Amino acid sequence: MRRKLAAGNWKMNGGGAELTEVEALLATHTNPKVDVLLCPPATLLHRMGQTIGNSAIATGGQDCHQNENGAHTGDISAAMVADAGARFVLTGHSERRTDHGESDACIRDKTRAAWDAGLTAVVCIGETLAQREAQNTLDILIGQLAGSIPDNATGENLVVAYEPVWAIGTGKVASLDQIGEVHDFIRMRLERRFGEGVGRSVRILYGGSVKPDNASDIFDVSNVDGALVGGASLKAADFGAIISALEASI
Ligand code: 13P
């Protein structure tokens, strides 16, 4: 059985003062029945890990460089993310694809680097509004899945996050039918490429305006194994409510 995963992506938000939110989350969710992951900015990764201590919340980076080390000012390697205490790293978030021109090939290299450093990669994919309106969604996802995920994926080293770009930070959530269609499709593609055993063990998260008031419905959709949450992961009350909704869906 796939273990459910509630993941928070703080994006470029949060400093030391916001660690009180993590403390509040730990106080209400001491022993979560689902996996919980927080991906703070790189500057906060180590400190957040210290705040969490031995509790059942994992930390993750939001990005890593594809190379092991070298002259790449401003970047951090996957090994550095791991050294800061993280067990996960996001790769291919649409904001990285857009802001930094990351291609599928680049994301594939980053994902491989993450695996080499012993991290689980949360590979993000998703179509733009124009692509959906042109009815190209599934073709776009085929390309992103094939291009961004290296061979040798397993249920341990890979999580896929489906985040329709038009639903991110907009308050527009994909409909339950749209989510179900895409998640079933991703499952089928993973099984086809990696075999049934692996394909069935990889967790598929939905992301895009997940909030406490829509989480339960989303978690009931087939092949939704959890969520990748942006804005609503910044506040312990909101993220805690989403974690509780995921626990209730088991
Ligand atoms: P929002 O939940 O703020 O829409 O962000 C989703 C996201 O991009 C998570 O990675």
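As a matter of local geometry, the ligand sits amid 13 residues, with Lys11, His93, Glu163, Gly169 and Ser209 nearest to it. Glycine 231 places a polar main-chain atom, nitrogen or oxygen, 2.9 Å from an oxygen atom of the ligand. In the complex, the protein chains occlude 97% of the 310 Å² of accessible area that the ligand would expose alone. In this structure the site holding the ligand corresponds to the second largest pocket.

Looking now at the nonpolar core. Ranked by size, the top nonpolar core spans 61 residues in total, and within it Ile149, Leu158, Val160, Ile186, Leu190 and Phe219 carry the most contacts. Residue contacts for phenylalanine 219: discarding those within four places in its chain leaves Val224, Gly226, Ala227, Ile242, Ala245, Leu246 and Ser249. Membership of the second largest hydrophobic core comes to 13 residues, among which are Leu5, Leu37, Ala58 and Val122.

The buried count for strand E6 (residues 158-162) comes to five of five residues, which makes it a mostly enclosed element. Pairing analysis gives four bridges linking E6 to strand E7 (residues 203-207), with the strands arranged parallel. Its bridge partner being in E7, valine 160 is matched across the sheet by isoleucine 204.

Looking now at helix H8 (residues 176-194). End to end, H8 covers 27 Å across 19 residues, agreeing with the expected 27 Å (1.5 Å per residue, within 8%). Listed in full, the buried residues belonging to H8 are Ile179, Gly180, Val182, His183, Phe185, Ile186, Arg187, Leu190 and Phe194. Note on H8: the residue one or two positions beyond its end, glycine 195, has a positive phi of about 90 degrees.

Overall, the predicted model of the chain reaches an average pLDDT of 98, with 100% of residues at or above 70. Ranking the elements of the chain by mean pLDDT puts helix H6 (residues 129-133) last, at 97, and E6 first, at 99.

Around the barrel, eight strands lie side by side as E1-E2-E3-E4-E5-E6-E7-E8; this closed barrel has parallel pairing. In this sheet, neighbouring strand axes are inclined to one another by 25 degrees on average, regardless of whether the strands run parallel or antiparallel. Running over the sheet, helix H2 (residues 42-52) touches strand E2 (35-39) and strand E3 (57-61) and is turned about 175 degrees from E3. On the sheet, H8 packs against strand E5 (120-125), E6 and E7 and is oriented at approximately 150 degrees with respect to E7.

Right, let's talk about the packing of helix H10 (residues 212-219) against helix H11 (residues 236-248) for a bit. Look at H10 against H11: their axes get within 9 Å of each other, and the N-to-C directions meet at 20 degrees. As judged from the angle between their axes, H10 and H11 are roughly parallel. Classified by chirality, the crossing of H11 by H10 is right-handed. Of H11, the residues touching H10 (which contributes Pro212, Ala215, Ser216 and Phe219) are Asp238, Ala241, Ile242, Ala245 and Leu246. In terms of residue class, the contact of H10 with H11 is built from seven nonpolar, one polar and one charged.

A large share of E2 lies buried, amounting to four of its five residues. Bridge analysis of strand E1 (residues 5-9) against E2 gives five bridges, and the strand direction is parallel. Within E2, the position partnered with glycine 8 by the bridge is leucine 38. Regarding topology, helix H1 (residues 19-28) serves as the crossover connection from E1 to the parallel E2, and that connection is right-handed. Across three bridges, the pairing between E2 and E3 is parallel. Residue valine 36 lies in a different strand from E3, and its bridge partner there is isoleucine 57. Following the backbone out of E2, through H2 and into the adjacent parallel E3, one traces a crossover that is right-handed.

The rules behind each value
By convention here, each chain's residues receive numbers from 1 onward along its written sequence. Totals for whole chains, interfaces and linings use all residues, but because this is a predicted model, local features are given only for residues with pLDDT of at least 70 and pairs of side-chain atoms are given and counted only at 80 or more. Working from all heavy atoms in the structure, the side-chain values ignore hydrogens and water. Nearness is judged by heavy atoms alone; a residue qualifies as near a molecule or strand once a single heavy atom is within 4 Å of it. Under this definition, polar contacts are N or O atom pairs within 3.5 Å; protein pairs additionally need one hydrogen-donor-capable and one acceptor-capable atom, and for neighbouring residues in sequence, both atoms have to be side-chain atoms. Computed with a 1.4 Å probe, the accessible areas rest on the Shrake-Rupley method; for each residue, only the protein chains presented here act as cover. The distinction between a cavity and a pocket rests on a 1 Å grid over the protein atoms alone: a 1.4 Å probe fits inside a cavity but cannot get out, while a pocket stays open yet meets protein on both sides within 12 Å along at least five of seven lines, and a residue with an atom within 4 Å of a point counts as lining. The rule for placing a molecule in a cavity or pocket is simple: more than half of its atoms must lie within 2 Å of the grid points. We call a set of buried Ala, Val, Leu, Ile, Met, Phe, Trp, Tyr and Cys residues a nonpolar core when their side-chain atoms join them within 4.5 Å. Remark: exposure states derive from per-residue accessible area (1.4 Å probe, protein chains only) relative to the maximum for the residue type, with buried under 20%, exposed over 50%, and partly exposed in between. Contact between two residues is taken to exist if any of their heavy atoms lie within 4.5 Å; hydrogens are not considered. Under the DSSP-based scheme used, a helix requires at least four consecutive residues in state H or I and a strand at least two consecutive residues in state E, with every element numbered from the N terminus. Being paired, for any two strands, means DSSP has found at least two bridges between them. Helix span, as expected, comes to 1.5 Å for every residue beyond the first. Each residue carries a pLDDT score, the predictor's confidence in it, ranging from 0 to 100. Axes, fitted as lines to C-alpha atoms, cover a helix only where it is in contact. Angles between the N-to-C directions of the axes lie from 0 to 180 degrees. In this scheme, roughly parallel covers angles under 35 degrees and roughly antiparallel covers those over 145, while 65 to 115 is roughly perpendicular and the rest are oblique. In a left-handed crossing the near helix is turned counterclockwise from the far helix by less than a right angle, and in a right-handed crossing that turn is clockwise. For this classification, the nonpolar set comprises Ala, Val, Leu, Ile, Met, Phe, Trp, Tyr, Cys and Pro, the charged set comprises Asp, Glu, Lys and Arg, and every other residue, Gly included, is treated as polar. Clockwise travel from the first strand over the helix to the second, with the strands pointing away from the viewer, marks a crossover as right-handed.

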